[in-house]
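This is what each chain is made of:
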Amino acid sequence: MPAPKEMDSALTSLPLRIGAYVPDDLLEDWFAPGTGMNPPSETALTEAAAYGRRFECEFKYYPERKEGVFWKWVPAI
């Protein structure tokens, strides 16, 4: 199941330096279903990062929080 269209809209209109947080089970479902979880597969994390780049967003996975974060980076900071 791909990321919902609402997520596309959220990342398109995401203000600078504000994050969109996605739990790891959804990362797996959206970007690499069936590849295993806990932690999410490397495939899911790679695909999530590529998805974020489509919307000019950075992506980082935080295992201690069990979530990934998309955000728009400000180069001047």
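Residues numbered from 1 in each chain as written. Predicted model: local features only at pLDDT ≥ 70, side-chain atom pairs only at ≥ 80, totals over all residues. Heavy atoms only, no water.

Asks: Explain the pattern of salt bridges here, please?
Replies: Where charged atoms from two side chains of opposite charge approach closely, those side chains can pair. All told, the structure shown has two salt bridges when counted by the stated rule. Of the charged contacts in the structure, one is a salt bridge between K5 and D8, with a shortest N-O distance of 3.9 Å. One end of the pair is K5 and the other is D8, both in helix 1 (residues 5-12) and three residues apart, which spans about a single turn. On the basis of relative accessible area, K5 is assigned to the exposed category, the value being 63%. The exposure class of D8 is buried, given its relative accessible area of 14%. Its salt-bridge partner being E67, residue R65 comes within 2.9 Å of it at the nearest N-O pair. A relative accessible area of 18% places E67 in the buried class. (Salt bridge = Lys/Arg side-chain N within 4 Å of Asp/Glu carboxyl O. Helix = DSSP H or I, 4+ residues; strand = E, 2+ residues; numbered from the N terminus. Buried < 20%, exposed > 50% of the residue type's maximum accessible area, 1.4 Å probe, protein only.)

Asks: How should the sheet that holds strand 2 (residues 58-62) be read in this particular structure?
Replies: Within a sheet, each strand pairs with its neighbour through backbone hydrogen bonds, oriented either parallel or antiparallel. Taken together, three strands build an open sheet; the order of strands is 1-3-2 and the sheet is antiparallel. Looking at which strands have only one partner, the edges of the open sheet turn out to be strand 1 (19-23) and strand 2. In this sheet, adjacent strand axes meet at a mean angle of 20 degrees when their direction is disregarded. Note: strand 2 against strand 3 (residues 67-71), five bridges, orientation antiparallel. (Pairing = 2+ DSSP bridges. Axes fitted to C-alpha atoms, helices over the stretch in contact; angles between N-to-C directions.)

Asks: Teacher, can you tell me more about the packing of aromatic side chains here?
Replies: Between two aromatic rings, the relevant description is the distance of the centres plus the angle of the planes. Scanning the model with the defined rule gives five aromatic pairs in all. Taken together, a centroid distance of 6.1 Å and an interplanar angle of 80 degrees make the contact between W30 and F31 edge-to-face. Both residues of the pair, W30 and F31, belong to the buried class. With a centroid separation of 5.2 Å and an interplanar angle of 50 degrees, the aromatic rings of F31 and Y51 are classed as tilted. Here F31, found in helix 2 (residues 24-31), pairs with Y51, found in helix 3 (residues 42-54); they are 20 residues apart in sequence, far enough to count as distant. There is no split in this pair, since F31 and Y51 are both buried. Site record: aromatic cluster; members linked through ring pairs are W30, F31, Y51, F55, F59 and F70. The ring of Y62 carries the charged tip of R65 above its face, separated from the ring centre by 4.2 Å. (Phe/Tyr/Trp six-rings, centres within 6.5 Å; stacked < 30°, edge-to-face > 60°. Lys NZ or Arg CZ within 6 Å of the ring centre and 35° of its normal.)

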